[in-house]
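# Inside the fold
One-letter residues, chain by chain:
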Amino acid sequence: MAKKKIKETVEELSETPAPIEETMTAEAPAAAETWTPDETVEPAQAEVSTEAEAPKVPKVHKETARNPKKMHGKKYRAAAEKVEANQTYAIAEAIALVKVTETTTFDSTVEVHAKLASTSLRSLATLPHGSGKEKNVVIIDEQSADELIAKIEGGWLGFDVLVATPAVMPRLAKLAKVLGPKGLMPSPKAGTVTDNPTKAADELKGGRVELRADKGGALHQAVGKVSWDTEKLTENIVALLQALPISQTKSLWLTTTMGPSIRFARPDAKKV
């Protein structure tokens, strides 16, 4: 009996089971169809456009497109109606118009805007009555250099003009990237590097201004306040024009802080 059981057990173990691969193949469900790049799968949801929507352009009234003055407020438009668009006025006439076209409730600054033929113009002018704006002028010399340089490096820029002596200019070189872009770097051409900084500071406070054309060949300079009398404004404007070469001056305009521009002629030329 024992031999018979052993024989049966051996026979059972000797039976080779079906290979795993065959079992999986037989029992696995049918494989899903393989997607190829040539096939297109249609999404179930609604079709979404891949094109970017064009930006909405605000509607501009036809009258506004033809006339930029329509874009300003009522006060400005009323003031602009007093100025002939194609007229070139004498200085006295332009000043009279500036006074009646002021649109602010405060004492507006009167400015001269010039269109120049050159972008490299750089000059000095002395306005006999000042520009109407107070200037905070700071002097940096050998005695004050350490303190002022440290303050500027810390972010302090509490001045409109910096006047330096030649001896401290090498020490200011490291501040060029800070002062230069803001127009605060002392320069011999601007008269702000001098052996007599006190005299230069007094002149700057008294009305000396630096004239510099921007990249578009335009120059902007304050010449007083609307409340000033015509004589003071005229003297300042004439002093400014004397620093501008006639051959480089294409057009001249007088305006207030928020008022319309008034084209005017320089007294030493019939047309600009």
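Residue indices follow the written sequence of each chain, beginning from 1 at its first position. Only residues with pLDDT of at least 70 are given local features in this predicted model, and only at 80 or more are side-chain atom pairs given and counted; all residues enter the totals for whole chains, interfaces and linings. Water and hydrogen atoms were dropped before computing side-chain values, which therefore reflect all heavy atoms in the structure.

### As for helix H5 (residues 91-100)
Relative accessibility thresholds used throughout: buried, under 20% of the residue-type maximum; exposed, over 50%; partly exposed, between the two (1.4 Å probe, protein chains only). In this text, helices come from DSSP runs of H or I with a minimum length of four residues, and strands from runs of E with a minimum of two, each type numbered from the N-terminal end. Within H5, the full set of buried residues consists of Ile 91, Ala 94, Ile 95, Leu 97 and Val 98. Considered in projection along H5, the buried side chains sweep an arc of 160° and stay on one side of the axis. Where the residues of H5 are buried, they touch strand S1 (109-116), helix H10 (230-241), strand S7 (249-256) and strand S8 (262-263). It is the directions from the helix axis to the C-beta atoms that the arc portrays. Whether two residues are in contact is decided by their heavy atoms: any pair within 4.5 Å suffices.

### Considerations on the side chain of Thr 109
In this fold, Thr 109 is placed in strand S1. Within the local environment of Thr 109, its side chain forms a polar contact with the side chain of Lys 225, the two groups lying 3.1 Å apart. With residues up to four places along the chain from it excluded, the contact list for Thr 109 reads Lys 133, Ala 222, Gly 224, Lys 225, Thr 255, Thr 256 and Thr 257. What qualifies as a polar contact is a pair of N or O atoms within 3.5 Å, subject to a donor-acceptor requirement within protein and to the restriction that residues adjacent in sequence count only when both atoms come from side chains.

### Describing the packing of aromatic side chains
Note on aromatic pairs: the rings of Phe, Tyr and Trp (six-membered ring only in Trp) are paired at centre separations within 6.5 Å, and the planes decide the class, stacked below 30 degrees, edge-to-face beyond 60, tilted for the rest. One pass over the structure, following the stated rule, counts one aromatic pair. In our convention, an over-ring charge means Lys NZ or Arg CZ found within 6 Å of a ring centre and within 35 degrees of that ring's normal. Seen from the ring of Trp 156, Lys 151 lies directly overhead, with NZ or CZ sitting 4.1 Å from the centre. Sitting above the plane of the Trp 228 ring, Lys 232 keeps its charged end 4.4 Å from the centroid.

### Here we look at helix H6 (residues 145-153)
Ala 145, Leu 148, Ile 149 and Ile 152 are the residues of H6 that are buried. End-on view of H6: buried residues confined to an arc of 100°, all on one side of the axis. In H6, those exposed residues whose orientation departs by more than 90 degrees from the buried face are Asp 146 and Glu 147. Contact partners of the buried residues in H6: strand S3 (137-140), strand S4 (161-164), helix H7 (169-172) and helix H8 (176-179). One or two residues past the end of H6 sits Gly 155, with phi positive at roughly 105°.

### Focus on the confidence of the model for the protein chain
Interpretation of the predicted coordinates at a detailed level should be avoided for regions scoring low in pLDDT. The quantity called pLDDT is the predictor's confidence in a given residue, expressed from 0 to 100. Looking at the protein chain as a whole, the pLDDT averages 80, with 72% of positions reaching at least 70. Below a pLDDT of 50 lies the segment residues 20-32, which in the model reaches one contact outside its immediate sequence neighbourhood of four places, other chains included.

### A look at the nonpolar core
Soluble globular proteins tend to pack their nonpolar side chains together in the buried interior. Core analysis: the largest hydrophobic core is formed by 31 residues, its most contacted members being Val 112, Leu 211, Ile 237, Leu 244, Leu 254 and Phe 264. Secondary structure elements with two or more residues in this core: H5, S1, strand S5 (208-212), strand S6 (218-225), H10 and S7. Val 112 has contacts with Leu 219, His 220, Gln 221, Val 223, Ile 237, Leu 240, Leu 252, Trp 253, Leu 254 and Phe 264, leaving out every residue within four places of it along the chain. With 16 residues, the next largest nonpolar core counts Ala 145, Leu 148, Ala 164 and Leu 179 among its residues. Nonpolar cores were defined as sets of buried Ala, Val, Leu, Ile, Met, Phe, Trp, Tyr and Cys residues, with membership established by side-chain atoms within 4.5 Å.

### Quick word on the pairing of S7
Taken residue by residue, a regular strand's side chains alternate between the two faces of the sheet. With six of eight residues buried, S7 lies mostly within the body of the structure. By this definition, two strands are paired if DSSP reports at least two bridges between them. Here S1 runs beside S7; their pairing, made up of seven bridges, is antiparallel. The residue of S7 that forms the bridge with Val 110 is Thr 256. Summarising the sheet, S7 and S8 pair through two bridges and their orientation is antiparallel. From the neighbouring strand, Trp 253 faces S8, where its bridge partner is Arg 263. Between S7 and S8, which follow one another and run antiparallel, lie five residues.

### Thoughts on the layout of surface pockets
Sizing a probe to match a water molecule and rolling it over the atoms shows the empty space that remains. Reported here for the largest pocket is a volume of approximately 720 Å³. Around the largest pocket, the lining comprises 27 residues; the ones closest to its centre are Lys 135, Gly 183, Val 209, Glu 210 and Gln 221. Where the lining of the largest pocket is concerned, the elements lending two or more residues are strand S2 (122-126), S4, S5 and S6. Here a cavity denotes a set of grid points, spaced 1 Å apart and computed over the protein atoms alone, in which a 1.4 Å probe fits but from which it cannot get out, and a pocket denotes an open set meeting protein on both sides within 12 Å along at least five of seven lines; residues with an atom within 4 Å of a point are reported as lining. Grid points are joined across faces, edges and corners, and a volume is the space filled by probe spheres set on the points.

### Quick look at the sheet that holds S1
In space, the four strands of this open sheet follow the order S6-S1-S7-S8, with antiparallel pairing throughout. The outermost strands of the open sheet, each flanked by one partner alone, are S6 and S8. Along the sheet, H5 makes contact with S1, S7 and S8, crossing S7 at roughly 35°. Simply put, an axis is a line fit to the C-alpha atoms, just over the touching stretch for a helix, and the angle between two N-to-C directions goes from 0 to 180 degrees. Packed on one face of the sheet, H10 meets S1, S6 and S7 and runs near 155° to S6.

### A word on the pattern of salt bridges
Think of a salt bridge as a Lys or Arg side-chain nitrogen and an Asp or Glu carboxyl oxygen that are within 4 Å of each other. Inspection of the entire model under this criterion finds five salt bridges. Across the pair Glu 210 and Arg 122 runs a salt bridge whose closest N-O atoms are separated by 2.6 Å. With Glu 210 in strand S5 and Arg 122 in strand S2, this residue pair connects regions lying 88 residues apart in the sequence. A salt bridge links Lys 174 to Glu 153; the shortest N-O distance between them is 3.3 Å. Remark: Glu 153 occurs in helix H6 and Lys 174 occurs in the loop between H7 and H8; sequence separation between them is 21 residues.

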